[in-house]
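# A closer look at the structure
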Amino acid sequence: MARKIVIEPVTRVEGHGKVTIRLDDRNNVASSRLHIVEFRGFERFVQGRPYWEAPVLVQRLCGICPVSHHLAAAKAMDQVIGVEADGLSPTAEKMRRLMHYGQMFQSHALHFFHLAAPDLLFGADADPAVRNVIGIALTNKELATRAVLLRKFGQEVILATAGKKIHGTGAVPGGINKNLSIEERDALLQGAGAPAIETMIDWAEEAVEFLKDYHAKNRALMDGFAAFPSNHLGLVGRDGALDFYHGAMRAVDAGGKRILDDVDYRDYLKYIAEEVRTWSYMKFPYLKSLGKAEGWYRVGPLARLNVCDFIPTPRAQKQFEAFRAYTGGKPNNMSLHMHWARLIELLHSGEVIRELLLDPDLQKTELVRKGRKRGEGVGLVEAPRGTLFHHYRVDENDQISMANLIVSTTNNNEPMNRAVHWGAMNVLSGKRDITEGMLNRVEIAIRAYDPCLSCATHALGRMPLAVELYDTGGNLIDRKAR
Amino acid sequence: MSKPKARISFTVDGKKCSAAPGQTILQAAKDNGIYIPALCRWEGFKPAGACRVCTVRVGGRYMAACTQPVTDGMAVENDVPDLQDMRKALIEMLFVEGNHMCPTCEKSGNCELQALAYRFLMLVPRFPFQFPARRVEPAGKKILLEHNRCIKCLRCVRGVRTRDNKAVFGTLRRSRDKKISVDQVLASALTDKQARQAMDRCPVGSILKKEVGFAVPIGRRKYDKEPIGSDVEKARG
Ligand code: SF4
Ligand SMILES: [Fe+2]
């Protein structure tokens, strides 16, 4: 009997989405789709608002990565008031960077320890009642404590730069509204609300080592699970360094050939287009030069480590060299290696935070610069989950007249669909009975991309997402919701 | 020439106070270190009695403390539960009648309406939200008028003037349809300093001087550290 499986909600993913898998009469997968209900409400909502409100307003898109939206909008509004990205005062740029790397640190710590580690530690078939962060707290207290404190550290950095741990202010068009006081600096360097920065860096490095050890023991899973070739897109610094805050767009193909290099992101519309497919509300971005069928790409930690030439901090660079060596210097196309890349980025973020904390520019007082106003701005940052595009037009009364956002999860739409398809083909296909563990494997494929569905759906707040089995006649024959 | 009159005595919630004749209840209470909340009042402007948040009770009668002169022997009720609840209800009404999104408003932390809501421990208004359809209107070159947040306190109508003393803001229509209007030409003639003053005088985030939003970090805004009215109460010692 032909069947259709719907997974809804996808657990441990922020937001709301649905997976449907159609099985034919012999239980083979006929097709699979990840549906995310994209709600373009925010682009409408910001119309008419004063442009300087955008960085504070749009961060409400997300409770997990608000800083990314805050900074992408601020970068766009810098241009609106005529300040180039490299035209900010050193204090402003470095404060923003500190905020951004603080958020990267907290988001990556959250994802790895809370969302990914349960699958790795307990296995995909473990009882879901145990296979969660509480399970980790009960069986591996040390790891759980670290998870909490690593995340807390990132939040303390955000607090010191944005005024609040979540949804603060901080970045304003042309700069920043505060510098870092000596007290704030010392609290982060020496540890107050969370352990000292050195400890954080050590723990981040140990997390990378933990993952490498896991990889050595579970090579087939890590290397094979949802591995498929793709293009990769990300920002890189002018020198080719890994850079989360600013740079030029670079894209490589699965073999490492450059498709885009040194592209000014203000011209993104020349290079990137979004395809609409009838069955999904979320668009499918692609590289124009390769077309709709071939132009899709991955973004996020894996893509970033695939496009950059090096990591500009020593301990992360050392880990990066091992990561690169594993694929012989070629792009890494293994979905579960996203976790490896993410932890290297966690380590790098810690090192950058320390570097910035020791920089006396953060105590200087030139916070905001101004230029000649123009009506348009594009801001890009590398958010925890990948490249984030914000584009605005502002009218002569300083009110926003147009907004276009392409969030990281939307950029990863096709890769996530491929990952779901891989899971369906390799886990479910041909099986008569669908177990919870099998469904969880499909979710693990999605979770590697750390999709932020609340971002992708541009909705206010978070929404839930379930698994249902349908036959070819469209009749519900089984449902698994967790 | 009449010689200066002696000071008069009155009480607020039983506390003995003194005042200069002609002072309003609100002014006199303030001079005695007693805070009576008010939104439409601005020192130096003619009182309007528009918001009624300053309502007190004297001899069983309700009156606006910002307009009512204090008299000798007057016994004013101020900080009593039923009056405070009525004031809280008024504040809640102001919230539901407009569209107040504190989390994204640049006046957050400096907003008197928000500060009063905190002081009165307002959580969820008891009245249904009206969600009126209002918009943002340019007011000359330097100001945006955010009608969603206007509470019609009329401070701008009374106190925002050009150098030759012409009123920049007025009102249109009446009652619940009342709306602040702006003379575009006069508004464009405001200096930066005047525009800044206009923004500071608006108790909420309705008058926005362009390009200054979010300049003060969280933690250093007017009401981040102490509730509204603390300055008055501290003076009492
Ligand atoms: S614009 Fe501000 S000052 Fe003028 S009436 Fe409205 S709330 Fe009062
Ligand atoms: Fe997000």
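The written sequence of each chain sets the order in which its residues are numbered from 1. Chain labels run from A onward and ligand labels from 1 onward, assigned in the order the entries are written. Where totals are concerned, whole chains, interfaces and linings use all residues; where local detail is concerned, this predicted model gives features only for residues with pLDDT of at least 70, and gives and counts side-chain atom pairs only at 80 or more. Processing note: side-chain calculations cover all non-hydrogen atoms of the structure and skip hydrogens and water entirely.

### A few points about the domain arrangement of chain A
All names here are of chain A. This is how it is decided: By convention here, the domain bounds are inherited from an automatic or database domain assignment. The criterion used for residue contact is that any of the two residues' heavy atoms lie within 4.5 Å. Accessible area that two parts lose when put together, evaluated with a 1.4 Å probe and summed over both, is termed the buried area. By definition, a salt bridge exists where a carboxyl oxygen of Asp or Glu is found within 4 Å of a side-chain nitrogen of Lys or Arg.
Along its sequence, chain A is organised into domain 1 (3–40 + 415–481) and domain 2 (67–411). Residue-level contacts link 30 residues of domain 1 with 37 residues of domain 2. Buried area between domain 1 and domain 2, both sides added, is near 3,200 Å², and the carbon and sulfur share of it is 57%. Linking domain 1 to domain 2 there are zero salt bridges.

### What about the interface of chain B and chain A?
Here is the rule: Pairs of N or O atoms within 3.5 Å make up the polar contacts considered here, provided that, within protein, one atom can donate a hydrogen while the other can accept it, and that residues adjacent in sequence are counted only when both atoms are side-chain atoms. Runs of H or I in DSSP of at least four residues are treated as helices and runs of E of at least two as strands, each being numbered from the N terminus.
Between chain B and chain A, the residue contacts involve 20 residues of the former and 23 residues of the latter. For the pair chain B and chain A, the summed buried surface comes to about 1,800 Å²; carbon and sulfur atoms form 58% of the total. By the criterion of area lost to chain A, the three top residues of chain B are B:Glu211, B:Phe214 and B:Ile218, representing 37% of everything that side buries. In this assembly, chain B and chain A are joined by five salt bridges. With a shortest N-O distance of 2.6 Å, B:Glu211 and A:Lys373 are connected by a salt bridge. For the interface between chain B and chain A, the tally reads seven residue pairs in polar contact (both at pLDDT 80 or more). If you list the elements that add at least two residues to the side of chain B that touches chain A, you get β6 (136–139), β7 (143–146) and β10 (207–209) of chain B.

### Regarding the confidence of the model for chain A
Rule in force here: For every residue, the predictor states its confidence as a pLDDT score lying anywhere from 0 to 100.
When pLDDT is averaged along chain A, the result is 87; 89% of the residues meet or exceed 70. The model gives residues 457–465 of chain A a pLDDT under 50, and that stretch makes 40 contacts with residues more than four places away or in other chains.

### Quick look at the site of ligand 1
Note the cut-off: For each residue, the test is whether any non-hydrogen atom lies within 4 Å of the molecule or strand; if one does, the residue is near. For this classification, Asp, Glu, Lys and Arg are treated as charged, while Ala, Val, Leu, Ile, Met, Phe, Trp, Tyr, Cys and Pro are nonpolar and the rest, including Gly, are polar.
Taken together, 13 residues lie around ligand 1, and B:Cys150, B:Cys153, B:Leu154, B:Cys156 and B:Cys202 are the ones closest in. Split by residue class, the shell around ligand 1 holds ten nonpolar, one polar and two charged.

### Quick notes on the nonpolar core
Put simply, the test is: Nonpolar core, defined: a set of buried Ala, Val, Leu, Ile, Met, Phe, Trp, Tyr and Cys residues in which side-chain atoms within 4.5 Å join the residues together. Relative accessibility decides the category of a residue: with a 1.4 Å probe and only protein chains considered, values under 20% of the type maximum give buried, values over 50% give exposed, and everything between is partly exposed.
Counting residues in each nonpolar core, the largest one holds 171 residues, and the members touching the most others are A:Phe153, A:Ile353, A:Tyr392, B:Ile91, B:Leu113, B:Phe169 and B:Ile207. Residues contacting B:Ile207, with those up to four places away along its chain left out, are B:Ile143, B:Leu144, B:Leu145, B:Cys156, B:Phe169, B:Ala198, B:Met199 and B:Cys202. Counting residues in hydrophobic clusters, the runner-up holds 22 residues, among them B:Ala19, B:Ala64, B:Cys66 and B:Met74.

### A short note on the sheet that holds strand β12 (residues 376–383) of chain A
Residue and element names in this part refer to chain A. To be explicit about the condition: Paired strands, in this sense, are two strands between which DSSP finds at least two bridges. Note on method: axes are straight lines fitted to C-alpha atoms, helices fitted across the in-contact stretch only, with angles between N-to-C directions ranging 0 to 180 degrees.
The sheet built from three strands is open, its strands ordered β12-β13-β14 with antiparallel pairing. Across the chains shown, the open sheet's two edge strands, defined by having one partner strand only, are β12 and β14 (400–406). Adjacent strand axes in the sheet meet at a mean angle of 15°, parallel and antiparallel pairs treated alike. With eight bridges joining them, β12 and strand β13 (residues 386–394) adopt antiparallel strand pairing. Bridge assignment links valine 381 to a residue of β13, and that residue is leucine 388. Its contacts with the sheet put helix α3 (residues 66–80) on β12, β13 and β14, and the angle it makes with β12 is roughly 150°.

### With respect to the side chain of A:Thr161
Residue and element names in this part refer to chain A. Position of threonine 161 relative to the elements: it lies in helix α6 (residues 141–162). Owing to a relative accessible area of 0%, threonine 161 belongs among the buried residues under this scheme. Of note is the side chain of threonine 161, whose polar atom sits 2.8 Å from the backbone oxygen of valine 157. Not counting chain neighbours up to four residues away, the residues in contact with threonine 161 comprise Met95, Leu98, Met99, Gly170 and Lys178.

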